[in-house]
There are 2 protein chains.
Amino acid sequence: MKSTYSYNTGEEIYGQGKAATYIYQVVNGAIRISSKLTNGRRQIGAFYFSGDIFGLEPSIRYRWSAEAIVDATTVRRVKRKALLRKAQSNLSLSRSVWSITERDLLHAEGHRILLGQFTATERVAAFILQMNNRIGVNGEIVLPMSGTDVGDYLGLALETVSREHAKLSDTGILLRTPSRWRRGLTLRRPESLRAMLPPLSALDLSPISGKVAQTIFSSKT
Amino acid sequence: MKSTYSYNTGEEIYGQGKAATYIYQVVNGAIRISSKLTNGRRQIGAFYFSGDIFGLEPSIRYRWSAEAIVDATTVRRVKRKALLRKAQSNLSLSRSVWSITERDLLHAEGHRILLGQFTATERVAAFILQMNNRIGVNGEIVLPMSGTDVGDYLGLALETVSREHAKLSDTGILLRTPSRWRRGLTLRRPESLRAMLPPLSALDLSPISGKVAQTIFSSKT
DNA sequence: CGCCGGATTGATCAGTTTCAAGGCATGTGG
DNA sequence: CCACATGCCTTGAAACTGATCAATCCGGCG
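I will try to describe carefully the structure that is included in this document. (Residues numbered from 1 in each chain as written. Chains lettered and ligands numbered in written order. Predicted model: local features only at pLDDT ≥ 70, side-chain atom pairs only at ≥ 80, totals over all residues. Heavy atoms only, no water.)

A few points about the packing of aromatic side chains
Thought 1: Under the defined criterion, the tally for this structure stands at 18 aromatic pairs over all chains.
Thought 2: When the centroid spacing of 6.2 Å and the interplanar angle of 65° are considered together, the rings of Phe47(A) and Phe127(A) count as edge-to-face. With Phe47(A) in strand S5 (residues 42-49) and Phe127(A) in helix H3 (residues 120-135), the pair connects residues that are 80 residues apart, well separated along the chain.
Thought 3: A relative accessible area of 1% places Phe47(A) in the buried class.
Thought 4: Between Tyr24(B) and Phe54(B), the ring centres sit 5.4 Å apart and the planes meet at 15°, which makes this aromatic pair stacked. Within this pair, whereas Tyr24(B) is found in strand S3 (residues 22-28), its partner Phe54(B) is found in strand S6 (residues 53-54), the two being separated by 30 residues in sequence. In this pair, the class of Tyr24(B) matches that of Phe54(B), namely buried.
Thought 5: Taken together, the ring pairs connect Tyr14(A), Tyr22(A), Tyr24(A), Tyr48(A), Phe54(A) and Tyr62(A) into an aromatic cluster. (Phe/Tyr/Trp six-rings, centres within 6.5 Å; stacked < 30°, edge-to-face > 60°. Helix = DSSP H or I, 4+ residues; strand = E, 2+ residues; numbered from the N terminus. Buried < 20%, exposed > 50% of the residue type's maximum accessible area, 1.4 Å probe, protein only.)

Below, the structure written as structure tokens:
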């Protein structure tokens, strides 16, 4: 039995509307989940990085698609049915699975306040802070996703995202390292970014504790 | 021990940031949950009607405020701690509580696609359809919430909501019964509204089954 | 060297917000 | 019982934010 699966940029791990057979964990690389609408509109629901669990949905069908956003992204997976069956007789496992739904809810709620109320400037500031928390190494952030993806996550046109970056660069809050293959940012003054946000902006996908992940992915299925 | 609690329009049931002591069920009337930002901005997260459960949060503090939107709204409640303790040794109760988090997640996800991608016209159409499903009596809808509330739920100015209603009224899809105390709408052609929406728009707060509610609110606490 | 794919920048456009005034049912006081 | 006040909704006009359209740039690669 294979224990990990590998995908290149743009490859689909599962599709919106398909039977929700597996629950996944990112081993390496990065994933986006997205929902397509008419007119080419697309909403990205979240980005997932190493260690993050995704694909657990309160429905028998996936309500998002999942695609790799960097080459050689690898994931583990467990069968949804088997997991839920085990959880029916195992309280601690049941609690672990519930905690993933809770994390998704926390994230979705932060995200919808961003989408409903934040200005373009605030959205981009919140995004950079979030990425700094999750994948930044003391202020150095290498964004794995394209500008289009950032825009679709923030509900903005990619040009608007670019312009906001330019503004932050002008004020010296941000330093850009332009390169097609390494979208690099250096966050000079994180506190200036934080000051631009409305208070109580908890947008982060709080990481799932390793213990939870281990409970769920303990056996290869 | 009192078994229900009553509130008038605008009265707060719990406040954002306060200790999350109780989980509630609407017995009669209607509730909104809202989150205040700076600049007077406000996002309404959901409206709850008779039978709906609200206030279960994945956190020890409430992340929304809850207020009654009609006079003499009554609610039941149970202690969060006691409920969670019981759920730790009761698999079916645990599953019931989890299903509420799942419902909230489904709603939040539909809502954020609306906020991130829908035009003003689509938002208002989706809202009317949702309200028709939840509190409409074959096409007759009496909205309990003010225009401001609708706007803050949809991420629109109240004037925009009013103008969209006017457009729907002009095309004969909607009939308005103007009155300060009875915000009445008659939905003439629901299928025309549905045709205005992007496909796969599942925005409804799916009702919690009576069985789940009964499991949770079986004893007064 | 020249192409390719994304990012940037500029100019214009459109949808929505904001500001402002008026309307219309309901409630209150003379 | 009428006149006026109240609170919300509606309507109009102007302003603005962000989107769209379009051109150019820039690094990496064939």
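Brief notes about unusual backbone geometry
Thought 1: Positioned with a positive phi, Asn39(A) is a non-glycine residue whose angle comes to about 65°.
Thought 2: Tracing the backbone through its elements, the reader meets Asn39(A) in the loop between strand S4 (30-36) and S5.
Thought 3: Even without being a glycine, Ala72(B) presents a positive backbone phi close to 60°.
Thought 4: Structurally, the position occupied by Ala72(B) is in the loop between strand S7 (65-68) and strand S8 (73-79).

Brief notes about the packing of helix H1 (residues 80-87) of chain A against helix H2 (residues 91-117) of chain A
Between two packed helices, the angle of one axis relative to the other and the distance separating the axes together describe the packing.
Residues and elements named next belong to chain A.
Thought 1: Packing of H1 against H2 brings their axes to within 7 Å, and their N-to-C directions diverge by 130°. Between H1 and H2, the angle falls in the class oblique. Where H1 approaches H2, its residues Leu 83, Leu 84, Lys 86 and Ala 87 are matched on the opposing element by Leu 93, Ser 94 and Val 97.
Thought 2: Looking at the contact of H1 with H2, its residues break down into 5 nonpolar, 1 polar and 1 charged. (Axes fitted to C-alpha atoms, helices over the stretch in contact; angles between N-to-C directions. Parallel < 35°, antiparallel > 145°, perpendicular 65-115°, else oblique. Contact = heavy atoms within 4.5 Å. Nonpolar A, V, L, I, M, F, W, Y, C, P; charged D, E, K, R; others polar.)

Some thoughts on the pairing of S3(B)
A regular strand places its side chains on the two faces of the sheet in alternate fashion.
Residues and elements named next belong to chain B.
Thought 1: Most of S3 sits out of view: 5 of its 7 residues are buried.
Thought 2: Here 6 bridges tie S3 to S8, and the two strands are oriented antiparallel to one another. Note on S8: the bridge partner recorded for Asn 28 is Thr 74. (Pairing = 2+ DSSP bridges.)

Observations regarding the sheet that holds strand S1 (residues 5-7) of chain A
Working definition: the strands of a sheet are paired by backbone hydrogen bonds and lie parallel or antiparallel to each other.
Residue and element names in this part refer to chain A.
Thought 1: Here 4 strands make up an open sheet; going across it, the order is S1-S8-S3-S6 and the pairing antiparallel. Each edge of the open sheet is held by one strand with a lone partner, namely S1 and strand S6 (53-54).
Thought 2: When S1 meets strand S8 (residues 73-79), the two strands line up antiparallel, connected through 3 bridges. By the bridge assignment, Tyr 7 is partnered in S8 with Thr 73.

Considering the environment of Leu158(B)
Residue and element names in this part refer to chain B.
Thought 1: Its location among the elements puts Leu 158 in helix H5 (residues 158-170).
Thought 2: You can call Leu 158 partly exposed: its relative accessible area is 43%.
Thought 3: Contact partners of Leu 158, with chain neighbours within four places excluded, come to Gly 147 and Thr 148.

Comments concerning the interface of chain B and chain A
Thought 1: Taken together, the contact pairs 42 residues of chain B with 42 residues of chain A.
Thought 2: For the pair chain B and chain A, the number of links is 4 salt bridges.
Thought 3: In this assembly, chain B and chain A are joined by 19 residue pairs in polar contact (both at pLDDT 80 or more).
Thought 4: Among the secondary structure elements, those contributing two or more residues to the side of chain B that touches chain A are strand S5 (42-49), helix H1 (80-87) and helix H2 (91-117) of chain B. (Salt bridge = Lys/Arg side-chain N within 4 Å of Asp/Glu carboxyl O. Polar contact = N/O pair within 3.5 Å; in protein donor to acceptor, adjacent residues only side chain to side chain.)

Observations regarding the relation of the copies chain B and chain A
Thought 1: Between the two copies, chain B and chain A, the superposition gives an RMSD of 0.0 Å; the rotation angle is 180° and the shift along the axis is 0.0 Å. Within this description, the copies of the chain are treated as partners about a two-fold rotation axis. (Least-squares fit on C-alpha atoms with pLDDT ≥ 70 in both.)

What to know about H1(A)
Thought 1: Inspection of H1(A) places Arg80(A), Ala82(A), Leu83(A), Leu84(A) and Ala87(A) among the buried residues, and these make up the whole buried set.
Thought 2: Each element contacted by the buried residues of H1(A) is listed here: strand S3 (22-28), S8, H2 and helix H7 (210-217) of chain A together with H2 of chain B.

Some details on helix H5 (residues 158-170) of chain A
One full turn of an α-helix is made of 3.6 residues, so residues set three or four places apart face in the same direction.
Residues and elements named next belong to chain A.
Thought 1: Between its first and last C-alpha atoms H5 spans 18 Å; for 13 residues at 1.5 Å apiece the expected length is 18 Å, and the two agree.
Thought 2: Within the sequence span of H5, burial applies to Val 161, Glu 164, His 165 and Leu 168. The buried residues of H5 occupy an angular sector of 100° when the element is viewed end-on, so they sit on one face. Among the exposed residues of H5, those pointing more than 90 degrees away from its buried face are Arg 163 and Asp 170.
Thought 3: Positive phi shows up at Gly 172, right after H5, with a value of about 80°. (Expected span 1.5 Å × (residues − 1). Arc of directions from axis to C-beta.)

As for the nonpolar core
Thought 1: Counting residues in hydrophobic clusters, the biggest one holds 100 residues, and the most contacted among them are Phe54(A) and Phe54(B).
Thought 2: Residues in contact with Phe54(B), not counting those within four places in the same chain, are Ile13(B), Tyr14(B), Ile23(B), Tyr24(B), Gln25(B), Val26(B), Ile31(B), Tyr48(B), Ala66(B) and Val75(B). (Core = buried A, V, L, I, M, F, W, Y, C linked by side-chain atoms within 4.5 Å.)

Brief notes about the environment of Thr119(B)
Thought 1: As for its placement among the helices and strands, Thr119(B) is situated in the loop between H2 and helix H3 (120-135).
Thought 2: The spatial distance from the C-alpha of Thr119(B) to the C-alpha of Leu156(B) is 9.8 Å, given a sequence separation of 37 residues.

Examining the sheet that holds strand S11 (residues 183-187) of chain B
Residue and element names in this part refer to chain B.
Thought 1: Strand order in the open sheet made by the 3 strands is S9-S11-S10, with antiparallel pairing throughout. One side of each edge strand has no neighbouring strand; the edge strands of this open sheet are strand S9 (140-143) and strand S10 (174-177). The average angle at which neighbouring strand axes cross in this sheet is 25°, direction not considered.
Thought 2: Across 4 bridges, S10 lies against S11 in antiparallel orientation. Across the sheet, residue Thr 177 finds its bridge partner in S11, namely Gly 184.
Thought 3: Running over the sheet, H3 touches S9, S10 and S11 and is turned about 100° from S9.
Thought 4: Of the strands in this sheet, S10 and S11 touch H5, which is tilted by about 120° from S10.

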